[in-house]
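Single-letter residue listing:
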Amino acid sequence: TRKCPMVPPRLVGPMKVLTEDISFEDIEALHRDVELGGKHHPEECLARYKVAIIVPYRDRVDHLQKFLHNMHPMLKRQQLDYEIFIVEQNGTFRFNRAKLMNIGFLEANKIADFDCYIFHDVDLIPEDDRNLYSCPDQPRHMSVAVDSLSYKLPYANIFGGVSALSRRHMTLVNGFSNEFWGWGGEDDDMSARIRYYKLKITRYPSSIARYKMLK
């Protein structure tokens with residue numbers, strides 16, 4: 001089988017974010033071609049990238065349903081060999097987003113040989129499918145322009161929300177810090193790790209890397 005083209009042919013550009021309530025059963029019925037465990041690969045060509053999408057999660061069922069409802073159609077159009085991992089924290093202790101992402105990375109590696117990892121907040125929905133969920137040469141900050149932040153980058157070194165790292169990047173920087181309990185800080189720490197190891201944060205233009213934050 002030939003490799004999929006560098007630019008997927010079925011991209012539509014700006015997309016309407018689907019925000020209506022939808023059940024897991026309805027999502028499943030819409031995506032019979034998605035395998036158990038949120039896995040899909042293109043039939044028509046050989047995917048260039050094998051991507052794990054890692055979602056740190058707790059108590060956000062309606063967000064998760066909307067997330068899957070929007071993501072599967074886009075990722076299919078991008079002709080990726082992808083698998084979505086929902087990494088759920090139990091109990092009532094403070095949320096540790098970074099630790100969940102590290103766990104997702106380690107667990108995904110037990111299942112398959114992924115080329116790269118997209119760490120993805122469950123409440124951020126992409127608004128343009130030209131924002132490719134592929135493997136970056138340098139760490140890529142994906143959620144450049146978020147509607148709740150007036151589609152502006154709050155500060156230069158931000159790496160939160162949605163970010164893409166290759167296996168080499170994750171191994172080099174030794175993953176995220178496990179020390180951040182409660183909200184925030186872990187992405188700035190990762191940003192500092194990236195710079196420390198002489199990598200640089202790359203971004204798509206803000207006209208493409210746009211996201212809607214679910215209420």
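Draft legend 1. Region of the structure containing the overall build of the protein. The secondary structure content of the protein amounts to 5 helices and 9 strands. Listed by position from the N terminus, the elements making up the protein come as α-β-β-α-β-α-β-β-β-β-β-α-α-β. Compactness check: the protein gives a C-alpha radius of gyration of 16 Å against a globular reference of 17 Å for 215 residues, within 12% of the reference. A buried classification covers 52% of the 215 residues belonging to the protein. Within the protein, one finds 30 positive and 29 negative side-chain charges whose respective centroids are separated by 6 Å.

Draft legend 2. The arrangement of the packing of aromatic side chains in detail. This model, assessed by the stated rule, comprises 6 aromatic pairs. Taking the centre distance of 5.2 Å and the plane angle of 80 degrees together, the rings of Phe-93 and Trp-181 count as edge-to-face. With Phe-93 in the loop between β3 (81-88) and α3 (97-111) and Trp-181 in the loop between α4 (167-172) and α5 (186-196), this pair connects stretches of sequence that are 88 residues apart. Looking at Phe-93, the relative accessible area reads 52%, which means it is exposed. Each ring, one from Tyr-196 and one from Tyr-197, has its centre 5.0 Å from the other, and the planes form 85 degrees; the classification is edge-to-face.

Draft legend 3. Summary view of helix α2 (residues 61-77). With 17 residues, α2 extends 25 Å between its outermost C-alpha atoms, agreeing within 8% with the 24 Å of an ideal straight helix rising 1.5 Å per residue. For α2, the principal kink sits at Met-71 and spans about 25 degrees; a proline, Pro-73, occurs within the next four residues. Counted residue by residue, α2 has 14 buried out of 17 residues, so it is predominantly covered. In the segment just after α2, Gln-79 is the residue with positive phi, at about 55 degrees.

Draft legend 4. Just the sheet that holds β3, in detail. On the basis of which strands lie adjacent, the open sheet formed by 6 strands has the order β1-β3-β2-β4-β8-β6 and mixed pairing. Every other strand in the sheet has two partners, leaving β1 (39-40) and β6 (140-141) as the edge strands with one partner each. Looking at chain direction, strand β4 (residues 116-120) and strand β8 (residues 162-166) are connected through 5 bridges and run antiparallel. Its bridge partner being in β8, Tyr-117 is matched across the sheet by Leu-165. Contacting β1, β2 (50-57), β3 and β4, α2 crosses the sheet at an angle of about 170 degrees to β3.

Draft legend 5. Region of the structure containing the state of the cysteines. The full count for this structure, using the stated rule, is 2 disulfides. Here Cys-4 pairs with Cys-45 through a disulfide, and the sulfurs are 2.0 Å apart. Measuring handedness by torsion sign, the sulfur bridge of Cys-4 and Cys-45 sits at about 95 degrees and is right-handed. Here Cys-45 lies in the loop between β1 and β2 and Cys-4 lies in the segment before α1 (24-30), a separation of 41 residues in the sequence. Across this residue pair, the class does not change: Cys-4 and Cys-45 are buried. The residue that forms a disulfide with Cys-116 is Cys-135, at a sulfur-sulfur distance of 2.2 Å. Note on the Cys-116 and Cys-135 pair: the S-S dihedral is about -75 degrees, so by sign convention the disulfide is left-handed. Placement of Cys-116 in strand β4 and of Cys-135 in the loop between β5 (124-126) and β6 is noted, with a sequence separation of 19 residues between them. By relative accessible area, Cys-135 is classed as buried at 13%.

Draft legend 6. Structural detail: the pattern of salt bridges. With the rule as written, the count across this model stands at 13 salt bridges. Arg-10 is the partner of Glu-44 in a salt bridge, and the nearest nitrogen-oxygen pair spans 3.3 Å. Highlighted residues: Glu-44 in the loop between β1 and β2 and Arg-10 in the segment before α1, separated in sequence by 34 residues. Under the relative-accessibility criterion, Arg-10 is labelled partly exposed at 42%. Here Asp-21 makes a salt bridge to Lys-66, at a shortest N to O gap of 2.9 Å. Of the two residues, Asp-21 is situated in the segment before α1 and Lys-66 in helix α2; the sequence distance between them amounts to 45 residues.

What counts and how
Residues numbered from 1 in each chain as written. Predicted model: local features only at pLDDT ≥ 70, side-chain atom pairs only at ≥ 80, totals over all residues. Heavy atoms only, no water. Helix = DSSP H or I, 4+ residues; strand = E, 2+ residues; numbered from the N terminus. Rg over C-alpha atoms; globule rule 2.2 N^0.38 Å. Buried < 20%, exposed > 50% of the residue type's maximum accessible area, 1.4 Å probe, protein only. Lys, Arg positive; Asp, Glu negative; His and termini not counted. Charge placed at Lys NZ, Arg CZ, Asp CG, Glu CD. Phe/Tyr/Trp six-rings, centres within 6.5 Å; stacked < 30°, edge-to-face > 60°. Expected span 1.5 Å × (residues − 1). Bend = angle between axes of the 7 residues up to and from the residue. Pairing = 2+ DSSP bridges. Contact = heavy atoms within 4.5 Å. Axes fitted to C-alpha atoms, helices over the stretch in contact; angles between N-to-C directions. Disulfide = S-S within 2.5 Å. Salt bridge = Lys/Arg side-chain N within 4 Å of Asp/Glu carboxyl O.

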